[in-house]
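# Topology and contacts: notes
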Amino acid sequence: MNENRRTIILGIETSCDETSAAVVENGTTVLSNVISSQMDIHRKFGGVVPEVASRRHVERITLIIEKALQDAKVSLEEVDGIAVTQGPGLVGALLIGVAAAKAISFATGKPLIPVHHIAGHIYANHLVQPLSFPLVALVVSGGHTELIYMEEHNQFQLLGKTRDDAAGEAFDKVARLMNLPYPGGPHIDRLAATGTPEYDLPRAWLEPDSLDFSFSGLKSAVMNLVNNARQRGEEINEANLAASFQEAVLEVLIEKAMRAVHQTGAKHLLLAGGVSANKGLRKHLQERAGQEGIRLQMPPLELCTDNAAMIAAAGTYQLLDGKTAGLTLNADANLPLIREN
Ligand code: KG4
Ligand code: ZN
């Protein structure tokens, strides 16, 4: 990064149910990070309704971008590039952010920077402390569960991923089964802290060397347990069930993340994505990393879930590498993080 010149990036994120715009300086300093959550709207439906999300993004996006610039006291002329989440996510939702970014890029002549949502989650950590390479990132969110190896900025190597449900998705589905509000992750987290993991639930280790994950079997096991208990008229101890489920998820996440660190020889482990807000995961991962002498970096709670500052941070390094796009850029609901050559 050129020390003498400020690089100012406007970030835009609309991949799911948060409309967010942010201004970040030199890839590290958050000048503003405005997040408008639609959670209250979607809660009534027990999950994100794509059409409702898109409409809400359309209504909010201009206002949110203006507020981000105002809060940062930065004009569009001072911005060096517009970073936007290109994917993955809900296509209708992504399109709103991409269209807004393209319009600003066209009007100002500033570069358009397409950012992968997961790269954004990883770079949320960079806003607190610069990334140290080589690193392994454990990315756990509502749509993703991945282990990624990075040797330097912008280089992502996929080590393992979920073969079915994402970790956050499993939290949300189990919470729904327990009649907890959407999104269920934080509720399970809270309940788990008050329970003991006395229910016997499966862990999917898969093949001995595999760094992949699978959570659908665990989800089905919880479903069977709850249904059987209901049929027999037995009461389920909710706190103990939450604790048992959470322990089953965390055990596999932590074990595989440590395995990935040892296999790659990385010195740093980084946590990213919405599920990194989980208190149990933060505590146990910290303990384990400490025991094994691995430096662990975790995003602060406010940067765990979707926000545009992380997109701007990732976009800063893409701009430095010349990874920009033309005005033909399209949203891609299934955008891969690593492109096959
Ligand atoms: O990263 P994010 O905001 O959106 C995606 O990119 O998917 O992650 C949202 C996910 C939801 O599944 C939510 O339940 C989960 O993160 N989550 C949690 C916690 N806080 C949010 N899961 C477990 N424990 C938490 N404390
Ligand atoms: Zn996310």
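Notes on the structure follow. (Residues numbered from 1 in each chain as written. Chains lettered and ligands numbered in written order. Predicted model: local features only at pLDDT ≥ 70, side-chain atom pairs only at ≥ 80, totals over all residues. Heavy atoms only, no water.)

## Some details on the site of ligand 1
Put simply, the test is: By convention in these notes, a residue is near a molecule or strand provided one of its non-hydrogen atoms lies within 4 Å of it. Contacts described as polar in this section are N or O atom pairs within 3.5 Å, which, within protein, must combine one atom able to donate a hydrogen with one able to accept it, while residues neighboring in sequence count only if both atoms come from side chains. All accessibility values rest on the Shrake-Rupley procedure with a 1.4 Å probe; residue burial counts only the protein chains present in the view. Lys, Arg, Asp and Glu make up the charged group, whereas Ala, Val, Leu, Ile, Met, Phe, Trp, Tyr, Cys and Pro make up the nonpolar group; the residues left over, Gly among them, are polar.
Close contacts around ligand 1 come from 18 residues, with Gly-142, Asp-172, Asp-189, Gly-274 and Asn-278 the closest. Between an oxygen atom of ligand 1 and a side-chain N or O atom of Ser-141, the distance comes to 3.5 Å. In this structure, Gly-142 approaches ligand 1 through a main-chain N or O atom, which is 2.8 Å from an oxygen atom. Here ligand 1 has 550 Å² of accessible area as a free molecule, and 88% of this is covered by the chains. Its residues assigned to classes, the shell around ligand 1 comprises five nonpolar, 10 polar and three charged.

## Considerations on the packing of aromatic side chains
Going by this rule: Two rings from Phe, Tyr or Trp (for Trp, the six-membered ring) form a pair when their centres sit within 6.5 Å of each other. Planes less than 30 degrees apart are called stacked, planes more than 60 degrees apart edge-to-face, and all others tilted. Each residue is placed in one exposure class: buried if its accessible area under a 1.4 Å probe, protein chains only, is under 20% of its type's maximum, exposed if it is over 50%, and partly exposed if it falls in between. Working rule: Lys NZ or Arg CZ, within 6 Å of ring centre, within 35 degrees of ring normal, means a charge sits over the ring.
According to the stated counting rule, one finds three aromatic pairs in the structure shown. Between Phe-213 and Phe-215 the ring centres are 6.2 Å apart and the planes differ by 10°, which places this aromatic pair in the stacked class. In this structure Phe-215 comes out as buried when scored by relative accessible area, which is 2%. Its guanidinium or amino end placed over the ring of Phe-213, Lys-256 lies 5.9 Å from that ring's centre, counting from NZ or CZ.

## Regarding the environment of Gly-46
Operational definition: Think of it this way: any DSSP run of H or I at least four residues long counts as a helix, any run of E at least two long counts as a strand, and we number them from the N terminus.
Assignment of secondary structure puts Gly-46 in the loop between helix 1 (39-43) and helix 2 (50-72). Between the alpha carbons of Gly-46 and Glu-292 there is a distance of 40 Å; along the sequence they are 246 residues apart.

## So, the pairing of strand 9 (residues 268-272)
The test is simple: Paired strands, as defined in this entry, are two strands with at least two bridges between them according to DSSP. By definition, the crossover connecting two strands over a helix is right-handed if that path, from the first strand to the second, turns clockwise as seen with the strands pointing away from the viewer.
Of all five residues in strand 9, five are buried; the element is thus mostly enclosed. Because side chains alternate across strand 9, one face comprises the buried residues His-268, Leu-270 and Ala-272, and the other comprises Leu-269 and Leu-271, equally buried. Examined bridge by bridge, strand 9 and strand 10 (residues 295-297) share three bridges and lie parallel to one another. Looking across to strand 10, one finds that His-268 is bridged to Arg-295. Crossover connection from strand 9 via helix 9 (residues 279-291) to parallel strand 10: handedness right-handed.

## Details of helix 7 (residues 216-231)
Where we set the bar: How far a helix is expected to stretch is found by multiplying one less than its residue total by 1.5 Å. Note that the arc is computed from the directions linking the helix axis to the C-beta atoms.
Look at helix 7: 22 Å from first C-alpha to last across 16 residues, which is about the 22 Å you get at 1.5 Å a residue. Looking at helix 7, one finds that the buried residues are Leu-218, Lys-219, Ala-221, Val-222, Leu-225, Val-226 and Ala-229. Buried positions in helix 7, seen along its axis, are confined to an arc of 160° and lie on one side of it. Following helix 7 by one or two positions, Gly-233 has its phi on the positive side, about 70°.

## A word on the sheet that holds strand 5 (residues 112-116)
The line we're drawing: Only the contacting stretch of a helix is used when fitting its axis, a line to C-alpha atoms as for every element, and angles between N-to-C directions run 0 to 180 degrees. Note on contacts: a residue pair is in contact if any heavy atoms of the two residues lie within 4.5 Å.
A sheet is described by the order of its strands in space; here five strands give the open sequence 3-2-1-4-5, paired in mixed fashion. One side of each edge strand has no neighbouring strand; the edge strands of this open sheet are strand 3 (29-37) and strand 5. Going from strand to strand, the sheet's axes swing by 20° on average, the running direction of each strand aside. Helix 3 (residues 91-108) contacts strand 1 (8-13), strand 4 (81-87) and strand 5 of the sheet and is inclined by roughly 155° relative to strand 4. Helix 10 (residues 308-320) contacts strand 1, strand 2 (18-25), strand 3, strand 4 and strand 5 of the sheet and is inclined by roughly 130° relative to strand 1.

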